[in-house]
Amino acid sequence: MSHAPAGTEPAQPPPGDDHAFFGQPRGLMTLSGLEVWERFSFLGMQAILVLFFADKVSNDGLGMDPGTAASVSAAYGTLVYLVSVAGGWLADRILGSYRAVLYGGILIACGHYAMAVPTATMTWAGLGLISAGTGLLKPNVASMVGKLYRTEDQRRDAGFALYYMGINIGAFAGPLVTGWLGEHAGWHWGFSAAAVGMTLGLIQYVAGRRHLARRKHTAEYALAPGPMRRAVLVIVGGVVVAALVATALALAGWLTMDRFVDVLTLVSVIAPVVYFVVMFRSPRVTPEERGRLRPYVVLFLASVVFNFILFQAYSTMMLLASTNARTEIFGFHFPPSWYASALGAFEVALAPVVAAVWVRMGPRQPHVSNKIAIGVILGGLSFLLMVIPTSGHSDETYRMAAWWIVGSYLLLGLGDILLETSGMSATTKLAPQAFASQTMALWFLSLALANGIQAQIVKLYGEVSNPAYFGVNGAIAVAAGVAVIAAAPWLKRTMHPVH
């Protein structure tokens, strides 16, 4: 990559930016605005994706049975988070964060525009582009937020709180727009809205680029020119070969959708196992750091269990809402996909409350392992709650009150706030110093594994009764949370000095 020529825009933002956005750096507004629109497009599309897969072909859907629709939707999520692991490395070594986010956003927008074309081929091509784009964008935006602050800057936590609020605003607004268009105008109009949202996010990102700290034209830890050329050739060649092999296997009838889902699940299991083995065996990891890795494995698995439940807010819960829930509150009718907006709304409303509670409790607040455990238990309870309205019906034509699903999402949203913030904090503190730059990759692998497992389990949806499906999965999550609480004394001792 060439260096920026003299006389171009400075890599550091203007001095007056430092307190221009609610006392935060102006660049935070640029990055938060990008995340608002990225989450608007990503979760707006995801809220209607499983419904589109399951809808009749005569309604422009793909005609899948519910279990297959949920499984394919989960496999897409698996692919997104697996690619995100590579996205962080590409930014560090080849592209630089600014370009990685820009190129990722362009790929996402192109993917949504492709999905707006009403053909199955363009749908799959669009999902592939969105997976690649999200893998470039998602892990690098958060790191760019961190670069806005000096290490000793006390505003950092408040800045990240504003940033995550932006994420949840997008998560709230996206399903409202795409869901209404999907039901009243057609699924592909909903995908079009997601495309427009990502385009708006890109426009404001480029327009605000001068406010971003360290906006270099090269990667921070760039490879030397020779190795970089070889890496680019290997990456491009690998992608082309993989695409050709996949196409040949598909044409030969071997690579079916079910087998593709199975392959992604297998990769999502193998990748974190390999990652942990490398860290445990690395000579660059000290015995003390290796000791802290052991409790982190427990927290990693707790994250997998919780996110297995959380991601079903956009798959099995959407299917349940579309077939067995009333879509009206106080006489107002709404699309089933609007239920997904409740999750974002609860997180926007509850995040400041939770933060205020922790501040008020000070040193008396629960240990990070207990916060994560409570989050997992709340996730399990959100599924156990669904056992009540789905039980005791002679057929599948019943319609539960909207408040049951809203209540489930309330529990899930609170659990998400407790687990995600504490989990990310624990990841950054417990990861060995030699792997510090890859902590986001480690966290994304837990999300990939959760989706990979979900891609298999959701195949049972529609094959077993709804009370059994939600009851068993919810009970397993609650048991996992209780097990983490039971292990709290050991976790507190081995996680020191993390509190």
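Reading guide: rules and limits
- Residues numbered from 1 in each chain as written.
- Predicted model: local features only at pLDDT ≥ 70, side-chain atom pairs only at ≥ 80, totals over all residues.
- Heavy atoms only, no water.
- Phe/Tyr/Trp six-rings, centres within 6.5 Å; stacked < 30°, edge-to-face > 60°.
- Helix = DSSP H or I, 4+ residues; strand = E, 2+ residues; numbered from the N terminus.
- Buried < 20%, exposed > 50% of the residue type's maximum accessible area, 1.4 Å probe, protein only.
- Core = buried A, V, L, I, M, F, W, Y, C linked by side-chain atoms within 4.5 Å.
- Contact = heavy atoms within 4.5 Å.
- Polar contact = N/O pair within 3.5 Å; in protein donor to acceptor, adjacent residues only side chain to side chain.

On to the packing of aromatic side chains. With the rule as written, the count across this model stands at 19 aromatic pairs. Ring centres of F52 and F191 lie 5.3 Å apart, and the angle between their planes is 85 degrees; this geometry places the pair in the edge-to-face category. Pair noted here: F52 is in helix 1 (residues 26-54) and F191 is in helix 6 (residues 187-207), with a separation of 139 residues, a long-range link. A residue is classified by how much of its surface remains accessible, and F52, at 1% relative accessible area, is buried. Here the aromatic rings of Y81 and F311 are separated by 5.8 Å at their centres, their planes lie at 25 degrees, and the arrangement is stacked. With a gap of 230 residues between them, Y81 in helix 2 (residues 66-95) and F311 in the loop between helix 9 (287-310) and helix 10 (316-324) connect regions that are remote in the sequence. Under the relative-accessibility criterion, Y81 is labelled buried at 11%. Owing to a relative accessible area of 14%, F311 belongs among the buried residues under this scheme. Taken together, the aromatic side chains of F52, F53, W124 and F191 make up a single cluster linked through ring pairs.

With that settled, consider the nonpolar core. In this structure, M45, L49, Y339, I405 and Y409 are the most contacted members of the largest nonpolar core, which totals 93 residues. Ignoring anything within four residues of it in the chain, the contact list for Y339 reads M318, A321, A325, R326, F334, A402, I405, V406 and Y409. Membership of the second largest hydrophobic core comes to 22 residues, among which are A109, A142, M198 and Y205.

Position of T134 relative to the elements: it lies in helix 4 (residues 120-146). Among the polar contacts listed, one links the side chain of T134 to the backbone oxygen of I130, at a separation of 2.8 Å.

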